[in-house]
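Coordinate inspection notes
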Amino acid sequence: AEELCRHGTVIVTTSTHIQRPEQYPVLTAADDAAVAAALAEHGTVCVASESPEGKLCAPALSFEALAALADFVLVEADGSKRLPIKAHAPHEPVIPANARQTIYVVGADGFGRSIRQVCHRPERYAALCGAAEDDIVTPAREAAMLRAEGCDTGWVYINKVETPEDWRNAEALAALLPGKVLAGRLWERGYR
């Protein structure tokens, strides 16, 4: 959102659940006029509904309505319970029908650790990449899982790449994927 706001207005939202972002105004139960006014004032806003457990969930406004209000709409479409590696249940990710770009995010800090330790839905991940839950996450296993889910031909962002070993793993994964791969540290804006 911080990068895109240089090029237009941005709405941040979710189709599942997210924590309340501290850096952006959050609009809940907002209508078109309220969102338009907030975008004019701030440039970037979060539009969502309140969930009973305190997180934010999908907005009352449709994703189509949000797309008509802002230049860019970023939708967090899957949960991973803060784990760096994930596999999706059949009903996931919850990607809006009008999405024009999907970016699959991989946490580099998951490589070299067991599937059971670092994967959301470890049993599914292991089955999709042909491994056991106690096996180690490798670039080859991650590529196999991405292929099995059909996520290998779009954009993949490998985040939290901090050490020389992380870079080797990121480069190895990129070499195994036919789509576009970007790697780096999101918070430091260092990309390759």
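All values reported here derive from a predicted model rather than from experimental measurement.

Remarks on helix H1 (residues 32-42)
For H1, every residue scored as buried is listed here: Val35, Ala38 and Leu39. Projected down its long axis, H1 carries its buried residues within an arc of 100°, all on one side. Opposite the packed face of H1, turned more than 90 degrees from it, sit the exposed residues Ala33, Ala40 and Glu41. Looking one or two places after H1, you find Gly43, whose phi comes out positive at around 85°.

Overview of the sheet that holds strand E8 (residues 103-107)
A sheet is described by the order of its strands in space; here four strands give the open sequence E8-E10-E11-E12, paired in mixed fashion. Every interior strand has two partners, whereas the edge strands, E8 and strand E12 (190-191), have only one. In this sheet, E12 lies alongside strand E11 (residues 180-185) in antiparallel orientation, the contact comprising two bridges. By the bridge assignment for E12, Arg185 is matched with Gly190. Against the sheet, helix H5 (residues 139-149) makes contact with E8 and strand E10 (155-159), and its axis sits at roughly 155° relative to E8, the strand it touches most. Along the sheet, helix H6 (residues 164-176) makes contact with E10 and E11, crossing E11 at roughly 170°.

Describing helix H4 (residues 122-129)
In an α-helix there are 3.6 residues to a turn, and that puts residues three or four apart on one side. When H4 is considered as a whole, its buried residues turn out to be Pro122, Tyr125, Ala126 and Cys129. Here the buried residues of H4 occupy an arc of 95° about the axis, which is enough to place them on one side. Backbone geometry just after H4 places Gly130 at a positive phi near 70°.

Observations concerning the packing of H4 against H5
For the pair H4 and H5, the least separation of the axes is 8 Å and the interaxial angle reads 90°. Classed by the angle they form, the pair H4 and H5 counts as roughly perpendicular. Within the contact between the two elements, H4 uses Arg124, Tyr125, Leu128 and Cys129 and H5 uses Arg141, Glu142, Ala144, Met145, Ala148 and Glu149. Split into classes, the residues belonging to the contact of H4 with H5 amount to six nonpolar, no polar and four charged.

Focus on the pattern of salt bridges
For the structure shown, the criterion picks out eight salt bridges. Of the charged contacts in the structure, one is a salt bridge between Glu50 and Arg20, with a shortest N-O distance of 2.6 Å. On the criterion of sequence distance, the pair formed by Glu50 in strand E4 (residues 44-50) and Arg20 in the loop between strand E2 (17-18) and strand E3 (26-28) is long-range, its members being 30 residues apart. For Glu50, a relative accessible area of 44% corresponds to the partly exposed category. In this structure, Arg141 and Asp135 form a salt bridge, with 3.7 Å as the shortest nitrogen-oxygen distance. Asp135 gets classed as partly exposed once you look at its relative accessible area, which sits at 27%. Among the ionic contacts, a cluster of salt bridges with common partners joins Arg116, Glu133 and Asp134.

Comments concerning the packing of H5 against H6
Relative to each other, H5 and H6 sit at 40°, their axes nearing to 9 Å. The pairing of H5 with H6 is recorded here as oblique in orientation. The two elements H5 and H6 cross, and the hand of that crossing is right-handed. Here Pro139, Ala140, Glu142, Ala143, Leu146 and Arg147 of H5 come into contact with H6, specifically with Asn169, Ala172, Leu173 and Leu176. For the contact of H5 with H6, a count of residues per class yields seven nonpolar, one polar and two charged.

Rules used throughout
- Residues numbered from 1 in each chain as written.
- Predicted model: local features only at pLDDT ≥ 70, side-chain atom pairs only at ≥ 80, totals over all residues.
- Heavy atoms only, no water.
- Buried < 20%, exposed > 50% of the residue type's maximum accessible area, 1.4 Å probe, protein only.
- Helix = DSSP H or I, 4+ residues; strand = E, 2+ residues; numbered from the N terminus.
- Arc of directions from axis to C-beta.
- Pairing = 2+ DSSP bridges.
- Contact = heavy atoms within 4.5 Å.
- Axes fitted to C-alpha atoms, helices over the stretch in contact; angles between N-to-C directions.
- Parallel < 35°, antiparallel > 145°, perpendicular 65-115°, else oblique.
- Nonpolar A, V, L, I, M, F, W, Y, C, P; charged D, E, K, R; others polar.
- Salt bridge = Lys/Arg side-chain N within 4 Å of Asp/Glu carboxyl O.
- Left-handed = near helix turned anticlockwise from the far one by under 90°.

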